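# Topology and contacts: notes
This is what each chain is made of:
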Amino acid sequence: MAPRTPGADLPEHPTWLWHSPDPKSSYDVVIVGGGGHGLATAYYLAVNHGITNMAVLEKGWLAGGNMARNTAIIRSNYLWDESAGLYEHALKLWEGLEEELDYPLLFSQRGVLNLAHSLQEKRDSVRRVEANRLNGVDAEWLDPQQVAEICPILNTSEDLRYPVLGATWQPRAGIAKHDHVAWGFARALDRMGVDLVQGCEVTGFERVGDRVVGVETTRGPIRAGKVAMAAAGRTSVLTDTLGLRLPIQSHPLQALVSELLEPVHPTVVMSNSVHVYVSQAHKGELVLGAGIDSYNSYSQRGAFHTIEREMAAAVELFPMFARAHVLRTWGGVVDVTPDASAIMGMTPFENLYVNCGWGTGGFKATPGVGWCFAHTVAHDEPHPLNAPFSLERFTTGALVDEHGAAGVAH
Amino acid sequence: MMLIPCPWCGPRNEIEFHYGGQADVRCPADPQAVSDEDWATFLFFRDNPKGVFTERWSHVAGCRRWFTVRRDTDSNRVLPSEGTQQARTVTT
Ligand SMILES: [Zn+2]
């Protein structure tokens, strides 16, 4: 195969896909946070529910938070019915999203291998495969030989400290170009007359009793019929102003890329045990991620020992990566919940809706979140797919424990 | 990497420590007597401030003792201790 020029698959850098208007004094709906989830929610509010008198308020620049910082992995092979429902709905939307937005997202269904390195992990993985199949999610259990056939550069020899005993395989999983996803939604929203307001930080809420009637921002107060929060790691800072306590903790999450390399890595590989996930971007960088830094922080940076461990794991699994160089590392702030599942739904305040707690795994859910959260806001009640992800579950005890399927490798 | 001030060993690299989250979270004296809401609060709800946070650390690769630190979660700067609070080994 003739080597491809790195970047040959990429479309031209966009000129102006959206305007950046000043905020108006009032909207039917205000969305807090112009990342992937905020933009997707606005999109489906407009398309599915006909709401266009709407603003997306972003404190920095559009999609410059976790939407710019994630590792772009998309999959739906979660254990529980509730999660499978939501993530699989998202994956089905991903499968039609380029056409829907008429914009190249470089959505590539190259599959994901979730490795098992111990007997227990093998059993858990096989169980998850069976659960996935019952939920209509494509999944197979592969032995080490089959794993090697799919990803020849992976070290499947027995002399590893934690040998690969097999893997789950979801062929429909893959990656997309995260920036393009945001741009695609933003362009569509701009064309429908939705205001995408950048450099406008929401600092609090205007309320009448237990009813939220608007937001306070660094560019003045904005009245709103409804306020939908999609502020990820900053959610607590805002809800604290209402005295609304949420079961989330904000942590740094780091990722890194290598310099541009020829295509060597055909799929996505994730390992919970040795703590790394790796894919190769269209442009050629190896994209690596791992777990959160242990402590609470809003600093958008983490410690080097965390990424050092993740690189050690990558080199153990992919010996040829020892020759690669790190080009760039970075961090974002992710909001983690006790059961490793998101919170999406109503709040004790009228006309205030919250979507948060996606931890390390929100990107893959982007269109699914948009679809369900838009429904929640438009109908003032959750969509059946996000009803299990209510805030109340922490009181009722109906948790959706996805530590196994999410874990480090969300 | 942060330097965490162990009250017994002095400032040591963060990699030697285990993080324990918010300090002074008390288990209800009689779990059977509290409401579902209060039990949920104890189990799952923690402060998550952007700013000063009083938190627990354990020096697992050193003296293996727990202690309390005040840290700014925005800058990661560790703040001066409040007298006897820092060396407290148990949650009061
Ligand atoms: Zn010590």
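Now for a look at the structure at hand. (Residues numbered from 1 in each chain as written. Chains lettered and ligands numbered in written order. Predicted model: local features only at pLDDT ≥ 70, side-chain atom pairs only at ≥ 80, totals over all residues. Heavy atoms only, no water.)

## Observations regarding the overall build of chain B
In terms of helices and strands, chain B carries one helix and five strands. For chain B, the sequential pattern of α-helices and β-strands runs β-β-β-α-β-β. With 92 residues in all, chain B has 35% of them scored as buried. A separation threshold of at least 6 residues defines the contact pool for chain B, and within that pool the share at least 24 residues apart is 50%. (Helix = DSSP H or I, 4+ residues; strand = E, 2+ residues; numbered from the N terminus. Buried < 20%, exposed > 50% of the residue type's maximum accessible area, 1.4 Å probe, protein only. Contact = heavy atoms within 4.5 Å.)

## Details of helix 9 (residues 366-379) of chain A
Residues and elements named next belong to chain A. End to end, helix 9 covers 20 Å across 14 residues, agreeing with the expected 20 Å (1.5 Å per residue, within 8%). Most of helix 9 is tucked away, with eleven of its 14 residues classed as buried. The complete set of buried residues in helix 9 reads Thr-366, Pro-367, Gly-368, Val-369, Gly-370, Cys-372, Phe-373, Ala-374, His-375, Thr-376 and Val-377. Asp-380 sits one or two residues past helix 9 and shows a positive phi near 60°. (Expected span 1.5 Å × (residues − 1).)

## Regarding the nonpolar core
All names here are of chain A. Formed by 54 residues in total, the largest nonpolar core has its most connected members in Met-54, Trp-94, Phe-185 and Leu-196. Every element with two or more residues in this core is listed here: strand 1 (26-32), helix 1 (36-49), strand 2 (54-57), helix 3 (81-101), helix 6 (178-191) and helix 9. Excluding residues within four positions of it along the chain, Phe-185 makes contact with Leu-39, Ala-40, Tyr-43, Tyr-44, Leu-97, Leu-101 and Thr-366. (Core = buried A, V, L, I, M, F, W, Y, C linked by side-chain atoms within 4.5 Å.)

## Considering the pattern of salt bridges
Scanning all chains against the criterion turns up twelve salt bridges over all chains. A salt bridge links Arg245(A) to Asp47(B); its shortest N-O distance comes to 2.8 Å. Of the two residues, Arg245(A) is situated in the loop between helix 7 (235-239) and strand 12 (249-260) and Asp47(B) in the loop between helix 1 (36-44) and strand 4 (52-58); the pairing between them involves two chains. Judged by relative accessible area, which is 31%, Arg245(A) ranks as partly exposed. For Asp47(B), a relative accessible area of 35% corresponds to the partly exposed category. (Salt bridge = Lys/Arg side-chain N within 4 Å of Asp/Glu carboxyl O.)

## Topic: the coordination of the zinc ion
Residue and element names in this part refer to chain B. Protein-derived ligands of the zinc ion are Cys-6 (SG), Cys-9 (SG), His-59 (ND1) and Cys-63 (SG), with the metal-ligand distances lying across 2.0 to 2.3 Å. Between the four donor atoms coordinating the zinc ion, the angles at the centre fall across 103 to 120°, so the site counts as tetrahedral. Along the chain, the residues that donate to the zinc ion are spaced as C-x2-C-x49-H-x3-C. For Cys-6, a relative accessible area of 3% puts it in the buried group. Classification of Cys-9 by relative accessible area gives partly exposed; the value is 36%. (Donors = N, O, S within 2.8 Å, 3.2 Å for Na, K, Ca; no water. Tetrahedral: all angles 85-135°; square planar, octahedral: opposite > 155°, others 65-115°.)

## Structural notes on the interface of chain A and chain B
Many authors give the size of an interface as the accessible area that is lost as the parts come together. Of the residues lining the interface, 22 residues belong to chain A; the matching set on chain B comes to 23 residues. Around 2100 Å² of area is buried between chain A and chain B when both sides are counted, 53% of it from carbon and sulfur atoms. On the chain A side of the contact with chain B, Arg245(A), Tyr295(A) and Tyr298(A) bury the most area, a combined 31% of that side's loss. In this assembly, chain A and chain B are joined by one salt bridge. At the surface where chain A touches chain B, the tally comes to 13 residue pairs in polar contact (both at pLDDT 80 or more). When contributions to the side of chain A that touches chain B are tallied by element, the ones reaching two or more residues are helix 7, strand 12, helix 8 (304-317) and helix 10 (393-396) of chain A. (Buried area = accessible area lost by both parts, 1.4 Å probe. Polar contact = N/O pair within 3.5 Å; in protein donor to acceptor, adjacent residues only side chain to side chain.)

## Observations regarding the pairing of strand 2 (residues 10-13) of chain B
Strand residues, when the strand is regular, have side chains that alternate between the two faces of the sheet. Pairing analysis gives four bridges linking strand 1 (residues 3-6) of chain B to strand 2 of chain B, with the strands arranged antiparallel. Across the sheet, residue Leu3(B) finds its bridge partner in strand 2 of chain B, namely Asn13(B). (Pairing = 2+ DSSP bridges.)

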